[in-house]
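The chain contents come next:
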Amino acid sequence: MPTREEQEARVCTALEQRFFRHIPRVDRAGRENWTDLQHKKNRLSRSLAAFTIVGMACVADDIGAAAVVDAPDDFGIDSIFYDRGNGRLLIVQAKFKSGGSAPDQGETLKTINGLRKLINKDLSGFNSEFQDKFDEIEEALDTPGVTIHLVMCCLGEQLGTHATSDLNTLKAELNRLNDRMNWELCSLTKLCQFLDEEQAIASASVTIALINNSIVLSPRKAVYGQVKASDLAALVQEHGTKIFQRNIRHYLGSVAVNTSIQETVQRRPADFFYLNNGITALATRIVVSGNGSTFQLEGFSIVNGAQTAGSIAISNNVSPDALVMMTIIEIGQNSDDIGIRITKARNYQNVVRGIDFAGLDPQQERLRQELASIGIRYHYRPSAEAKGIKTDSIKVEEAALALACMSFPLYDSHHLARLQTQGQKKENGVDYISAAKKEIGRIWEAEGTFYSKLFTDTLSGIKLCRIVNTFRFLDLILAASEASERGHYERRMFFRHGRYFIVATIAHHCPELMRKAEPVLSTDDKTAFSRMANELSELIFIESRSLNAYKGYLSIFRNIGTCQELADGVVAKLPAKNILPSQAANLNKASNTSSPPTL
């Protein structure tokens, strides 16, 4: 699970990206001497009030922003919104205090007194933002059955005892005759839940007509028959990637096999049924209609045949003569084990890479949702969209490589021997970087040795984003170093083949920088990493000269034995090398960056 700092960074990044466009900096009397950081915190606080409305009422960001009334003379109320669909008046106090702080009793009492004035329709002293919303507030208060829902939003997880007691007293007072008012805490965990829910992909419920179908009832319900290619195309066009969520791949675009599928369905539609392997789909529930040829499928997902379905969907004028064999298996609710086994079995008949089965790992979908909430697209299933390299996206292969190079310390041989005698097992970075250099596919093999150690349930989207961001930055520096060594073959080969080792050494040497819960590298971060890349590269190069006397650098860095020998020498010299005398000061500086986490 993400740490509190990582959760906080995720919320902060989402607020900046989504709401700063709607909530500008306010310069008014009394703020002449405010710093940029003070203005940023003020905008974050107002953005938090907006996002609370968005999360509670499921409205668009601009509507949530329009509900903000946070300003002088707001009487402790930061946003207000008449949620007509749910019959409630939402009133929010939002406190953006990093470190898990919650509103204290004084702040809570201010909101309670402001709420009392609203209930009495006393708008005297309220700011102009409130005055503009008076008609909406009055309508809510005068509509029978509408309740008042007070939300205390903060980055903590609980209110203090006295604040809770005051809110419960108000609730009891207002609810003497009927349930008129309620309150709740919108905590950091709840805010992250809002972000997750926004990014979750709803399952598809579809209706399919199967020609010449047969039904299997035992030991598991299933149905198979022929579906019209035109019906399948309409299904994909309507539901998109929803119907591929249990598949290991989405549609891959114009690869050779898919082009062939399109040509067949367009030019020889009558032969398509005989030339195509067909489609396998899963459903949580299968319901057959009265005529026995139409089936309602809940939780529908194609697990084999995504390329067939995708190719047909983008074909023009699909003939009604084109038929596709389809098998649908009912797996019930919460039956991922059987669903995964069916998906694997059906896909092993085709050419599949080990990384493709990462598409069945729930950790990957969790990471996708967390990264999507901060504006980063994460591709863990092969697809046409994932082919291009974009600055605002991460592919699972790149993520695996960055994690392999930067997630584990470099242990020397003596330390490893002591751990072994004590019966302890530690993941050694040398194992990962040598494997990545020798056979990179082993790193992201979803059922291999390394994958489960990289993509753990403790890896957050924020942490992954920072690691990939750092890996890309260092890789550019080291690539430039290689290019600059045109007249020095040995040094050029060192930077070409030793890149993973150098990156791993930097990560080993600066755990504080790597642990920062910030997806974007600050200017100070980049300065620190640049300096370390230059100085540690020279240290490693000097230490590698004795090995290079009888082995080339490709051989050195792909062999676990020579890699470990080099690590022994480098790690021994690291404590004595003063890489960053100002590192501690840099780490204490507050980041004023308000840009999105462009990678």
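Residues numbered from 1 in each chain as written. Predicted model: local features only at pLDDT ≥ 70, side-chain atom pairs only at ≥ 80, totals over all residues. Heavy atoms only, no water.

**A word on the pairing of strand 8 (residues 279-283)**
Regular strands have side chains that alternate between both faces of the sheet. Put simply, the test is: Exposure is judged per residue with a 1.4 Å probe applied to protein chains only, and the accessible area is read against the type maximum: over 50% gives exposed, under 20% gives buried, and values in between give partly exposed. A run of H or I in DSSP becomes a helix once it reaches four residues, and a run of E becomes a strand once it reaches two; helices and strands are each numbered from the N terminus. One bridge is not enough; two strands pair if DSSP finds at least two bridges between them.
A large share of strand 8 lies buried, amounting to five of its five residues. Examined bridge by bridge, strand 8 and strand 11 (residues 323-330) share five bridges and lie parallel to one another. Pairing of alanine 283 across the sheet is with glutamate 330, part of strand 11. Relative to strand 10 (residues 294-304), strand 8 runs antiparallel, the two being bridged by three bridges. Bridged to threonine 280 within strand 10 is asparagine 304.

**Focus: the packing of aromatic side chains**
To describe a pair of aromatic rings, one takes the distance between the centres and the angle between the planes. Rules: Each Phe, Tyr or Trp ring (for Trp, its six-membered ring) is paired with any other whose centre lies within 6.5 Å, and the angle between the two planes then decides the class: stacked below 30 degrees, edge-to-face above 60, tilted in between. A ring has a charge above it when a Lys NZ or an Arg CZ is no more than 6 Å from the ring centre and no more than 35 degrees off the ring normal.
If you walk through the whole model with that rule in mind, you get 14 aromatic pairs. Their ring planes at 35 degrees and their centres at 6.2 Å tell us that tyrosine 378 and tyrosine 380 sit as a pair that is tilted. No difference in accessibility class separates tyrosine 378 from tyrosine 380, as the two residues are buried. Where phenylalanine 494 meets phenylalanine 495, the ring centres are 5.2 Å apart and the plane angle is 70 degrees; that geometry is what we call edge-to-face. Owing to a relative accessible area of 4%, phenylalanine 495 belongs among the buried residues under this scheme. Taken together, Phe494, Phe495, Phe501, Phe541, Tyr553 and Phe557 form an aromatic cluster joined through their ring pairs. Positioned above the aromatic ring of phenylalanine 75 is the side chain of lysine 117, whose terminal nitrogen or guanidinium carbon lies 5.0 Å from the ring centre. Positioned over the ring face of phenylalanine 541 is arginine 491, at 4.8 Å from the centre of the ring.

**A look at the side chain of glutamate 485**
Short version of the rule: Two N or O atoms count as a polar contact when they lie within 3.5 Å, although within protein this holds only if one can serve as hydrogen donor and the other as acceptor, and sequence-adjacent residues are included solely when both atoms are side-chain atoms. By the convention used here, residues are in contact when the closest approach between their heavy atoms is within 4.5 Å.
Examined against the element boundaries, glutamate 485 turns out to sit in the loop between helix 19 (461-484) and helix 20 (489-497). A distance of 2.9 Å separates polar atoms of two side chains, one belonging to glutamate 485 and the other to arginine 491. The contact partners of glutamate 485, leaving out residues within four places of it in the chain, are Arg491, Arg492 and Phe495.

**A short note on helix 8 (residues 188-199)**
Formally: Here a helix's expected span is defined as the number of its residues, less one, multiplied by 1.5 Å. Working note: the arc is built from the helix axis to C-beta atom directions.
Taking 1.5 Å as the rise per residue, helix 8 with twelve residues should run 16 Å; its terminal C-alpha atoms sit 17 Å apart, in good agreement. Residues of helix 8 that are buried: Leu188, Leu191, Cys192, Phe194 and Leu195. Projected down its long axis, helix 8 shows its buried positions confined to an angular sector of 150 degrees, all on one face.

**Some points on the side chain of serine 373**
With respect to the helices, strands and loops of the structure, serine 373 is situated in the loop between helix 14 (362-372) and strand 12 (377-379). For serine 373, the side chain forms a polar contact with the main-chain oxygen of glutamate 370, separated by 2.6 Å. Discounting residues that sit within four places of it in the chain, serine 373 has contacts with Arg10, Ala14, Leu195 and Gln199.

**Some thoughts on unusual backbone geometry**
Trans peptide bonds make up the majority, and among non-glycine residues the majority have a negative phi. Serine 218 connects to proline 219 through a cis peptide bond whose omega is 0 degrees. Within the secondary structure, proline 219 is located in the loop between strand 6 (211-216) and strand 7 (222-228). Positioned with a positive phi, cysteine 58 is a non-glycine residue whose angle comes to about 55 degrees. Relative to the helices and strands, cysteine 58 resides in the loop between helix 2 (36-57) and helix 3 (61-66). Located in the positive-phi region is phenylalanine 75, a residue other than glycine, with phi close to 55 degrees. Within the secondary structure, phenylalanine 75 sits in the loop between helix 3 and strand 1 (79-83). Classification of phenylalanine 75 by relative accessible area gives partly exposed; the value is 27%.

**Quick word on the confidence of the model for the protein**
Close inspection of predicted coordinates is inappropriate in any region flagged by low pLDDT. Where we set the bar: Every residue gets a pLDDT, meaning the predictor's confidence in that residue, from 0 to 100.
When pLDDT is averaged across the protein, the result is 84; 85% of the residues are at 70 or more. Here residues 348-352 is modelled with pLDDT under 50, and outside its nearest four sequence neighbours on either side it reaches ten contacts, counting other chains as well.

**Looking at the pairing of strand 7**
Most of strand 7 sits out of view: five of its seven residues are buried. Taken together, the four bridges between strand 6 and strand 7 define a ladder with antiparallel strand orientation. Following the sheet pairing, isoleucine 215 is matched in strand 7 by valine 223. What sits between strand 6 and strand 7 in their antiparallel hairpin is a turn of five residues. The pairing of strand 7 with strand 11 spans seven bridges and is classified as antiparallel. Paired with valine 227 across the strands is valine 324, a residue of strand 11.

**Some thoughts on the sheet that holds strand 4 (residues 181-186)**
Our working definition: Where helices are involved, their axes are fitted lines through C-alpha atoms of the stretch in contact, as for all axes, and angles between N-to-C directions lie from 0 to 180°.
Spatial strand order, 1-2-3-4: four strands in an open sheet with mixed pairing. Strands with a single pairing partner mark the edges of an open sheet, and in this sheet they are strand 1 and strand 4. Recorded for the sheet is a direction-independent mean angle of 20 degrees between the axes of neighbouring strands. As paired strands, strand 2 (residues 88-95) and strand 3 (residues 147-154) are joined by eight bridges and run parallel to one another. Residue pairing for strand 3: lysine 95 is matched across the bridge by cysteine 154. Strand contacts of helix 2: strand 1, strand 2, strand 3 and strand 4, with the helix running at about 145 degrees to strand 2, the strand carrying the most contacts. Contacting strand 3 and strand 4, helix 7 (residues 161-174) runs over the sheet at an angle of about 155 degrees to strand 4.

**A word on the environment of asparagine 113**
Along the chain, the position of asparagine 113 falls in helix 4 (residues 105-119). With a relative accessible area of 43%, asparagine 113 lands in the partly exposed category. Residues asparagine 113 and phenylalanine 75 lie 38 residues apart in sequence; the distance between their C-alpha atoms is 7.3 Å.

**Structural notes on empty space enclosed by the protein**
We count it as follows: Cavities and pockets were defined on a 1 Å grid built from protein atoms only: a cavity is a group of points that admits a 1.4 Å probe but offers it no way out, a pocket is an open group of points flanked by protein on both sides within 12 Å along at least five of seven lines, and a lining residue is one with an atom within 4 Å of any such point. Grid points are joined across faces, edges and corners, and a volume is the space filled by probe spheres set on the points. Here the term charged refers only to Asp, Glu, Lys and Arg, the term nonpolar to Ala, Val, Leu, Ile, Met, Phe, Trp, Tyr, Cys and Pro, and the term polar to all other amino acids, Gly among them.
Per the stated rule, a full pass over the model turns up one cavity of 30 Å³ or more. If you add up the space inside the largest cavity, you get close to 30 Å³. Ile433, Ser434, Lys437, His497, Tyr500, Phe501, Phe557 and Cys563 together form the lining of the largest cavity. The set of elements that each furnish at least two residues to the lining of the largest cavity consists of helix 17 (429-438) and helix 21 (499-509). Residues of the lining of the largest cavity, tallied by class, amount to five nonpolar, two polar and one charged.

**Regarding the pattern of salt bridges**
Note the following rule: We count a salt bridge whenever a side-chain nitrogen from Lys or Arg sits within 4 Å of a carboxyl oxygen from Asp or Glu.
By the definition in use, this model includes 32 salt bridges. The residue aspartate 122 makes a salt bridge to lysine 117 at a minimum N-O spacing of 3.0 Å. For lysine 117, a relative accessible area of 16% gives the class buried. Across the salt bridge formed by lysine 221 and glutamate 330, the nearest N and O atoms sit 3.9 Å from each other. Here lysine 221 is found in the loop between strand 6 and strand 7, whereas its partner glutamate 330 is found in strand 11, with 109 residues between them in sequence.

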